[in-house]
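# Coordinates in review
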Amino acid sequence: MATDEFTDTQDLLMDVDNLDFLTEGDINGDGADLSITIDPVSNAPTISFPFEQPSGKALRFKFNNVSSRSLAFDESIDDNKMYPVQLLHLDESPEFTKYVLKLFELYQGLGEHRKNDVPTIGLIKQSSKQEHFSVVNLAFHALVTELELYIESIKNTNKLQRIGDLEECLSILNCLKTIFFITDSPECKREEMLESLINWVNRSDGEPNELVIQQVFDETLLTRRKVYEQSGFWDLTAQLLLRGLWSQSTQCIKNSQLLEHEDATVKLFVTDLITIIESYPLHSESLFREWKLSVLQLISNWDEQDVEIEMKKNLLNIFLILSGSKNKICEFSQYWYESYCGLMLYYIPTLELSHEYGQLATKDNSIDVCNNWETSCYNIINDKVADILPVLESLDLATSAFVAVLCEAKGIIRTDFHEIFAHREELDSDFAFRTEPSIGGFLINQLALTLSSYNDKTLWPVSVGLISLSPDSGDSTKRTILAELLPHFPYSTNDDIEWLLSVCAKWRLPDVAKTIYKILGQDTLYQNNIVEAMSNFSKAGEYEWVKHYSWMIFEASILQGGPLDDITINSIVNGDTDSFNIPKDLLNSVVMDVMRQTLSPYAVLYEFHKFVENNETANAINHMIELLSFPYMPEQYCVILLAKFFYPMFLKTTQTTLDESQVFTVLKMLQRININDACIALYAQVRATNDESASVSLPESLDIFIRDVRKSLNYKLCQAFM
Amino acid sequence: MKPFLTGHADLVHDISYDFYGRRVATCSSDQHVKVFKLDKETNEWELSESWKAHDSSILSLDWAAPEFGRIIASVSYDKTIKLWEEDPDASELSGKRWQKLCTLNDATGPLFSVKFAPSHLGLRLAALGNDGKLRLYDALESSDLRSWTLTSEVSILDTPPASHLQSDFGLSWCPSRFSTERLVVSAMDQATIFQRNKHGKLVPAGKLKGHTGLIRSIAWAPSIGRWYHLIATGCKDGKLRIYKVTETHSNVSDNNNTNDTNANSSSIAVEHGTRAEGSSMEPDSSVPNLHIELIGEHSDHQGEVWSVSWNLTGTILSSSGDDGKIRLWKSSYSNEFRCMSVVQATR
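Since this is a predicted model, take the numbers as computed values, not measurements.

Criteria and cut-off values
- Residues numbered from 1 in each chain as written.
- Chains lettered and ligands numbered in written order.
- Predicted model: local features only at pLDDT ≥ 70, side-chain atom pairs only at ≥ 80, totals over all residues.
- Heavy atoms only, no water.
- Helix = DSSP H or I, 4+ residues; strand = E, 2+ residues; numbered from the N terminus.
- Buried < 20%, exposed > 50% of the residue type's maximum accessible area, 1.4 Å probe, protein only.
- Areas by Shrake-Rupley, 256 points an atom, 1.4 Å probe, with all protein chains shown as cover.
- Contact = heavy atoms within 4.5 Å.
- Pairing = 2+ DSSP bridges.
- Axes fitted to C-alpha atoms, helices over the stretch in contact; angles between N-to-C directions.
- Buried area = accessible area lost by both parts, 1.4 Å probe.
- Polar contact = N/O pair within 3.5 Å; in protein donor to acceptor, adjacent residues only side chain to side chain.
- Nonpolar A, V, L, I, M, F, W, Y, C, P; charged D, E, K, R; others polar.
- Salt bridge = Lys/Arg side-chain N within 4 Å of Asp/Glu carboxyl O.
- Core = buried A, V, L, I, M, F, W, Y, C linked by side-chain atoms within 4.5 Å.
- UniProt positions renumbered as here; feature names shortened; annotations may be inferred.
- Parallel < 35°, antiparallel > 145°, perpendicular 65-115°, else oblique.
- Left-handed = near helix turned anticlockwise from the far one by under 90°.
- Phe/Tyr/Trp six-rings, centres within 6.5 Å; stacked < 30°, edge-to-face > 60°.
- Expected span 1.5 Å × (residues − 1).
- Arc of directions from axis to C-beta.

### Here we look at the overall build of chain B
- On a plain count of helices and strands, chain B comes out with one helix and 26 strands.
- Taken across its 347 residues, chain B has 65% of its residues classed as buried.
- In the form shown here, chain B has an accessible surface area of approximately 12000 Å², with 44% of it arising from carbon and sulfur atoms.

Written out as C-alpha cells, the structure reads:
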C-alpha cells in the first residue's frame, strides 16, 4: 500500500531528468532564438549580440565574405574582444538548405513557364494559356507545401522568431493561392478554392483557441446554466461557421444541450440546422443555390414559430449568417478576414466579388496595420500583389523571390517598377549590365547573391543555377556575375573543384579558371605538394611561377648534395614510374609540358647525382659541364654548382682530369657571371651546410673562391696539355 | 560562435579576413599583429600566430588575394608598410610563422590605411597616411615577393594636417574586375575617386561631396551584376552616406554643368588640394567620366559613424556608430537603402 501511494505521488511529480530543458550548449549561434525589439530610430527589428555584449564605445563591424562569421569590436582600451554577430534572417540550418533546394527544383522544372509569354508565332494552341496557368498554379501549390514542410521541420527548435516569420509568409501565400492560383486551372474545382480560403483564414491565427471553447463549456458548471443559454456559445458557433469549420460547429451544437431542449420545435430546428451545416455544398454552384434556398426556407419557417425570444433571436442569427446576410456576417465577425471568409462562403462564393467583400469586411473590423500578413492579404484581395513582395522579402528572401517569379509568370504583378527605372534611358546606353528589370528577376538575383555568402557550399549550385536561369539578364551579364562570384566558392574536395571548373568551362570563363588554378596552386604549395602546385600554376598559365619552383627544386637538390626525397619529382625527371610505384596515367595528368621543360635542369642534376653514386666520373663531369654551360642557368646556381660539386669533386682532386674544351667551358662561364647578392648568400649557405668533415674546405669569400677556381682550372688545363 | 579575447594589450584598430573568411588578422596599438583561424570542428576562432610587427601603433592591415599566397600588409604610425608571408613549415604560435617579406618606408608621416588591389590588377597595394600622399606599390615579379616598386604617388592634400589635430584617412579599391582601375580615397573630410588613364597615371575622377566632418570609414561595394557602383562612407558628422557612381560618356563641361545644378551630384572635380600624378590639375579626357550621385544620407546612429562595410556581394551594407549599434542596410528595387535590421550592444 505504502509503495502504491509512493508510485501515485511520483506520477504527480515532474520527472525533471526526462525533460528536455534548454542547456547552455543548446544556445549557440545557430539554434538560439532571438528576442526582437524595434529600433525607434530606424523602425527596424533589433537584436542583441548572441553572447557577451560589447560596450559599444567606437563600435566597429566588418563583414566577412561568409556573413555568419562576421565580427564586431570596440576600438576601446577596456575591451579587446571580438564579438561574433548574429544576423537576422540568416538561416544556415540544413532545413533551410533543403527548402531552398526544393524551391530551386520547382523553379528549374518550370522551364519555359517561368515567363508569362503567350506564343504568337508557330503552332499556337488555344490550350497553351490554360496549360501555362495550370503549370504555374501547380508550382505555387508545391511551393506552399514545401513551406509548410519547412515550418514543420523546425517547429521543435527554439527558433520562435523564425517560425513566426515563416508562418506569416505562409498566411500570405495561402491567401495568394486562394485568390490567384486556383480558379484558372482548367481542372479547377470550386471546392479547392473554398477549402484553400478556409485553410488560409484558420491557419493564419488559429482562432478560436481552445481556451475560448473550454470557457464556453466550463462556464455552465459554474453558473449551472445550459450551454446555449450563454451568449458566448452563439458567438462561438457563429465564428466557427464564418470560418467554414462546419464539423466543429456541429459538434459544438451537439454538445450544447440544444438537442435536449424541452421545446420540441427548437429541437427540430436545431436538427435541421445541423443537417444544413453538414450538407454545405463545397463542390457545386447549382447545389449551393438549392442549399441557400433551403436555408431561407428554414428562416421563414423559424420566423413563424412561437419560441422563447432569446432562443429565437440566437438561432435566427445563425440562420441569417448561413443565408449570407452581409450585416449579420460582419456583426458576428471578430476580424475582417472572418467577414471576408463568411461572405465568400455564404453570400456568393465567387472571386469576382472578392474586392467588394474585402471592402465590406474592413468596414466594421479594420485591418491590424502592425500585422504584416493582414495588410498583405488585404493588398492581395485588392489586386496589389507587388506591394506584398517587400513584406515577404523582409520575412524570407527565398520565399519572396520564388513567389515573385511565379506571380510574374502568372501576370498578376502590376507595378510601376519599370517607371522607377525609366531614368536609365538618360544614362549611357552601352552598359553591359543594362537589362529590363523585373521584381522577380531582382529578387532572384538578390537571393542568388545572398546564398553565396552563406557558409554552405551546397547552396552554390542553386546560386549559379538561379543566375543561369535569370530571365532578365543576357548571357554576357550572367558571365560577368559568375566571373566575380565563382572564385569565392569554398571548395574542399576534388569534386568541388571539378564542379567549379565545369561551370567555368560551360560559361567560357578561362580567366576565372586560371584564377582558380592559381588559388589551388597556392593552396597545394602550403600543403607542401610542390608538384601539384606547379601543375596548377601551369594550368593557370603562370609559367614564371612554374619556372621559379623548378629552380627552387634545383637549388634544394644542390644544397642537399643529392636527389630530393620526393618520389613524384624524381619519377617525373627519371621517367621511370614503375620503380616509384606511381601510376603513369596519374603522373601524366599532373605533369604538364611546361613542367617537364622547366624541370630539365633538375633532370640533368638528378642524373649527375646517379653517376656520382655509381662512380661514373666521366659522365658526371659531362653532365656538370652541361649544367654550367646552360645559357639560362641563373648566376647564383652556377656559383653553387661550382662550390658544391665541381670544385671539390673535380678540381681539387688530382686523379680527375678535364679535357681542354671542358676547362674552357667553365672559364667562359666564369667570364659571363656577375657576382650579385644572391650568389654571395647562396655561397655562404653552401659553406655553412658543408660538412665539417668534408675533404675540401671552401674559401671564406666568394671572390677568393672564384680566384681559386680559375687557378685550379689553369692547373687542369696544363694537366690536359701535359 | 562565441566572443573571443584577442589578447592585444592595447586598442585594436583594424581587422581583416582572408578571402575565404577562415582567418582573421587583427592589429593594435600594442604593435602586434595576430592571426586567428577558424576551427572547423568547434566553429571557434583560435589564435594561430602573434608577432610584434611594427615599432608603433598598427592602424590597418589587409590580406592579399589567395592567388598570391598568404600575405598580409600592415601599416603603422612608424611610417612603414610591412609585408608578411606565412611560412607553413614554421609551427603555429612560434612567433616565426609569419616572415617579413619587406619594409616600405617612403612615407613621411604615420600611415593610416593599406589595401591590396583586387587580384585582376596584379599584386598591388595602396597606402595612405598623414603625409597626404597616396602611394601604390607593385610586386613586379610575382615570384619575388620581397621586391616591391613604388609605381604611383599622388598628393591628396596640399599640406599634411597639423599633428595636434585629429585626422583620419581611408581608401577602398573598386573590386569589379570589369571596371577601369579605380579607388576611392578619403582624407580628412574629403573623398575622391581616382582612376588610371590611358597613360597609366592615376587621375582624380570625381569627389564624394557633402561631408562636414572627418570621414571615418569608406567602402566601395562589390558591384556583382550591377551596372553602377556604390560607395558608402561613415562620417564624424553622424551621417552614413551612400553614393551611386555611373560611367557616362558625356563631355566634361556637361558634367560640370550637372554639378552646378545638382548639389548632390558631382563629376570630375579637381579641387583645391587634389593633385593628379604629374601635377596635372586638368580633368583627363582619356578616362570615362563618372557621374556621382548621393543616393542616401542617414543619421540613424545619432552620433559618429565609425565603420561601414559591404557583404561579399554588395547586397547588404553595414554601419556601426557611437550609439553602439550595427545597422544593416539593404537596397529596395528602387535603389533606396533602408535599414533592415539592427544589432545592439549594451550601452
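That covers the picture; the talk isn't over yet.
### Some details on the overall build of chain A
- For chain A, the helix and strand inventory stands at 34 helices and five strands.
- Expressed as a percentage of the 722 residues in chain A, the buried residues total 53%.
- For chain A, contacts bridging at least 24 residues in sequence account for 65% of all contacts bridging at least 6.
- Of the roughly 34100 Å² that chain A leaves accessible, carbon and sulfur atoms contribute 51%.

### What about the sheet that holds strand β4 (residues 32-39) of chain B?
Residue and element names in this part refer to chain B.
- Strand order in the open sheet formed by four strands is β2-β3-β4-β5, and the pairing between neighbours is antiparallel. Unpaired on one side and paired on the other, β2 (12-17) and β5 (44-52) mark the two borders of the sheet. Direction aside, neighbouring strands of the sheet carry axes that sit 20 degrees apart on average.

### A look at the interface of chain B and chain A
- Chain B puts 83 residues into the contact, and the matching count from chain A is 91 residues.
- Across the chain B/chain A interface, buried area totals approximately 8000 Å², and carbon plus sulfur atoms make up 60% of it.
- When the area that chain B buries against chain A is broken down by residue, the three leading residues are B:Trp227, B:Leu312 and B:Tyr333, summing to 12%.
- Inspection of the region where chain B meets chain A yields 31 residue pairs in polar contact (both at pLDDT 80 or more).
- Grouping the amino acids of the side of chain B that touches chain A by side-chain chemistry returns 34 nonpolar, 29 polar and 20 charged.

### Considering the pattern of salt bridges
- Within the structure shown, the criterion is met by 42 salt bridges over all chains.
- Between B:Glu86 and B:Arg70 there is a salt bridge; the shortest N-O distance is 3.3 Å. Of this pair, B:Glu86 sits in strand β8 (residues 81-86) while B:Arg70 sits in the loop between β6 (58-63) and β7 (71-76), and the two are 16 residues apart along the sequence. Here B:Glu86 matches B:Arg70 in class, with each residue buried.
- One salt-bridge network, held together by shared partners, links A:Asp39, B:Asp323, B:Lys325 and B:Arg327.

### Structural notes on unusual backbone geometry
- With omega at -15 degrees, the peptide bond leading from A:Glu207 into A:Pro208 counts as cis.
- Phi is positive for B:Asn43, close to 60 degrees, though the residue is something other than glycine.
- Structurally, the position occupied by B:Asn43 is in the loop between β4 and β5.
- Positive phi, normally seen in glycine, also occurs at B:Leu93, with a value near 60 degrees.

### Comments concerning the sheet that holds strand β4 (residues 71-74) of chain A
- Across the sheet, which stays open at both edges, the four strands sit in the order β3(A)-β4(A)-β5(A)-β1(B) with antiparallel pairing between neighbours. Pairing within the sheet leaves two strands with one partner each, and these edge strands are β3 (59-62) of chain A together with β1 (4-5) of chain B.

### Regarding the nonpolar core
- Counting residues in each nonpolar core, the largest one holds 149 residues, and the members touching the most others are A:Leu176, A:Trp200, A:Trp336, A:Tyr340, A:Tyr346, A:Leu389 and A:Leu466.
- Not counting chain neighbours up to four residues away, the residues in contact with A:Leu389 comprise A:Ser400, A:Val403, A:Ala404, A:Ile413, A:Ile439, A:Leu443 and B:Tyr333.

### Structural notes on the UniProt feature "repeat: WD" (unreviewed entry) in chain B
Residues and elements named next belong to chain B.
- Residues annotated in UniProt with the feature "repeat: WD" (unreviewed entry) correspond here to residues 5-39, 51-85, 208-253 and 298-330.
- Annotated as 0% helix and 60% strand, the span residues 5-39 places its first and last C-alpha atoms 15 Å apart.
- Along residues 51-85 the backbone is 0% helical and 54% strand, and the end-to-end C-alpha distance reaches 12 Å.

### Looking at the packing of helix α3 (residues 128-154) of chain A against helix α17 (residues 397-410) of chain A
Residue and element names in this part refer to chain A.
- Look at α3 against α17: their axes get within 10 Å of each other, and the N-to-C directions meet at 165 degrees. One way to sum up the angle between α3 and α17 is to call them roughly antiparallel. The interaxial crossing formed by α3 with α17 has left-handed handedness. Side by side, α3 and α17 meet where His 132, Phe 133, Val 136, Asn 137, Ala 139, Phe 140, Leu 143 and Leu 147 of the first sit next to Thr 399, Phe 402, Val 403, Leu 406, Ala 409 and Lys 410 of the second.
- Residues that form the contact of α3 with α17 fall into these classes: ten nonpolar, three polar and one charged.

### Notes on the packing of aromatic side chains
Residue and element names in this part refer to chain A.
- Here the structure, examined in full by the defined rule, presents 51 aromatic pairs over all chains.
- Ring centres of Phe 608 and Phe 645 lie 5.2 Å apart, and the angle between their planes is 65 degrees; on these two criteria the pair is classed as edge-to-face. Of the two residues, Phe 608 sits in helix α29 (residues 600-613) while Phe 645 sits in helix α31 (residues 635-651), which places them 37 residues apart along the sequence. Here Phe 608 and Phe 645 have matching classes, each one buried.
- Members of the aromatic cluster, joined through ring pairs, are Trp 200, Tyr 335, Trp 336, Tyr 337, Tyr 340, Tyr 347, Tyr 357, Trp 373 and Tyr 378.

### Topic: helix α22 (residues 494-506) of chain A
All names here are of chain A.
- Along its 13 residues, α22 runs 18 Å from first to last C-alpha, staying within 8% of the 18 Å computed at 1.5 Å per residue.
- Among the residues of α22, Asp 496, Ile 497, Leu 500, Leu 501, Val 503 and Cys 504 are the ones counted as buried. Projected onto a plane normal to the axis of α22, the buried residues spread over an arc of 150 degrees and lie on a single side. Seen from the open side of α22, the exposed residues pointing more than 90 degrees away from its buried face are Asn 494, Asp 495, Glu 498, Ala 505 and Lys 506.
- Along its buried surface, α22 packs onto α20 (460-469) and α23 (510-526).
- Just beyond α22, the residue with positive phi is Arg 508, at close to 50 degrees.

### With respect to the environment of A:Tyr347
- With respect to the helices, strands and loops of the structure, A:Tyr347 is situated in the loop between α13 (336-346) and α14 (354-364).
- With residues up to four places along the chain from it excluded, the contact list for A:Tyr347 reads A:Phe288, A:Lys292, A:Gly324, A:Lys326, A:Gly342, A:Leu353 and A:Tyr357.

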